[in-house]
Amino acid sequence: MISDLSRMTSPEARDALARSATVVLPIGSIEQHGPHLPNGTDTMAAELVAREVAARLDAVYAPFCPYGVTPIHAGHPGSVTLRRETFEALLSDVCTELIEAGARTVVLVNWHEGNIASMNAVATDLQDRHDATFVAAQACYTAQRLYQEEGGELTHGGGIETLAVLAYDPSLVKSERAGEPTRPPGALEMDQMRRSPEVYGFITDVTELADDGWYGNPGWATLDRSKDFADVVAGGVLAGIEVVLNARRVRAAANPKEKA
C-alpha cells in the first residue's frame, strides 16, 4: 500500500511521517517526445518508479510539480520549461515543508537530465540547513544500466522511454507514428558526451542530437517487457539508496558527533 500524501487525511499524513520519516518525490518534465510519446513521458516515468520506491521503503509518496528545467526543448509544441530559479524555489519550499512536518530522509527520484543541477543545488542547501538527509536517484540512468544487456537504450523518445509509458498507460503510446528506428549520425556520441561523469560538454537545443528532436528504437519496448518496469527500476534505485544511507551509518557509527 502506498502512503500518498495527496490522498491521506491530515492525521494520516502526520502518523505516516512519524512512522517512516522518509518521503519520496518524483521529478520529471513536460516536453516533446516525438510523434509517438506523450509530452509528460519523463513525469510519468518518475512517478511510476517513485511510487514503487515509496511503497517498498514504507515511505510517504509526495507528489511534485510535473514541470522541469527543459530549455533545450523550447519551441517544440507541448514543451514547457521552468526557469532554474523557479524550479529550485518550488522544490525547496516543498521539501522544507516536508522536513518541518517530520521528514528526515528525502529521496528525489528524477527522470530528466535538465533537472540535475537544480536538484543538487536544493538538496545540498537544505541538507546543510536542516536535520535531514537527501538522496538523489537518477532513475533514467538506472534504467539505462539495467536494460542495456537486453538492448534497451536511453535515447530521447526511444526504447526505454517508450517502455516507461507502456507501463504507465499503453493507450498513450502511438508506435505506428514513429516509423522505422532512427539513429542520426553522431546522436549517440552526443548523448555519451553530455552524460560522461568525467569530462563532458553540453547541448542547448535538442536538435543538436536529432533534427526531429528524438531518436531511437521505440519498437524495442513491448507490453510484456513493460509489466515489471517499475519493479525493475525501483529495485535498482533502492539498491543505490541503501549504499548512500549505509555510508552515512558507517560514518556516524565511527564519529557519533557527525550527522547521520
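Whatever comes next refers back to the structure up there.
Visitor: Just checking my understanding: could you explain the packing of helix H2 (residues 41-57) against helix H9 (residues 229-254) for this structure?
Guide: When two helices pack together, their arrangement is given by the angle between their axes and by how far apart the axes lie. Taken N-terminus to C-terminus, the directions of H2 and H9 make an angle of 60 degrees; their axes are 8 Å apart at the nearest point. The pairing of H2 with H9 is recorded here as oblique in orientation. The interaxial crossing formed by H2 with H9 has right-handed handedness. Across the interface between the two elements, Leu48, Val49, Glu52, Val53, Arg56 and Leu57 of H2 pack against Phe229, Ala230, Asp231, Val233, Ala234, Gly235, Val237, Leu238 and Ile241 of H9. Residues of the contact of H2 with H9, tallied by class, amount to 11 nonpolar, 1 polar and 3 charged.

Visitor: Explanation requested: the packing of aromatic side chains in the structure shown.
Guide: Each pair of aromatic rings is reported with the distance of its centres and the angle of its planes. This model, assessed by the stated rule, comprises 5 aromatic pairs. Ring centres of Tyr147 and Phe229 lie 6.4 Å apart, and the angle between their planes is 5 degrees; on these two criteria the pair is classed as stacked. Taken together, the residues Tyr147 in helix H5 (residues 139-147) and Phe229 in helix H9 connect sequence positions 82 residues apart. A relative accessible area of 0% means that Phe229 is categorised as buried. Taking 5.7 Å as the distance between ring centres and 80 degrees as the angle between the ring planes, the aromatic pair formed by Tyr200 and Phe202 counts as edge-to-face. A residue is classified by how much of its surface remains accessible, and Phe202, at 65% relative accessible area, is exposed. In this structure, Arg51 packs its charged tip against the face of Tyr61, placed 4.9 Å from the ring centre.

Visitor: How do you make sense of the pattern of salt bridges when you look at a structure like this?
Guide: If charged atoms from side chains of opposite charge come close, those side chains can pair. Per the counting criterion, the structure on display carries 18 salt bridges. Notably, a salt bridge pairs Arg56 with Glu52, separated by 3.7 Å at the nearest N-O pair. Taken as a pair, Arg56 and Glu52 lie in helix H2 at a separation of 4 residues, close to a single helical turn. Here Arg56 falls in the partly exposed class, since its relative accessible area comes to 41%.

Parameters at a glance
- Residues numbered from 1 in each chain as written.
- Predicted model: local features only at pLDDT ≥ 70, side-chain atom pairs only at ≥ 80, totals over all residues.
- Heavy atoms only, no water.
- Axes fitted to C-alpha atoms, helices over the stretch in contact; angles between N-to-C directions.
- Helix = DSSP H or I, 4+ residues; strand = E, 2+ residues; numbered from the N terminus.
- Parallel < 35°, antiparallel > 145°, perpendicular 65-115°, else oblique.
- Left-handed = near helix turned anticlockwise from the far one by under 90°.
- Contact = heavy atoms within 4.5 Å.
- Nonpolar A, V, L, I, M, F, W, Y, C, P; charged D, E, K, R; others polar.
- Phe/Tyr/Trp six-rings, centres within 6.5 Å; stacked < 30°, edge-to-face > 60°.
- Buried < 20%, exposed > 50% of the residue type's maximum accessible area, 1.4 Å probe, protein only.
- Lys NZ or Arg CZ within 6 Å of the ring centre and 35° of its normal.
- Salt bridge = Lys/Arg side-chain N within 4 Å of Asp/Glu carboxyl O.

The values are spatial; any link to function lies outside them.
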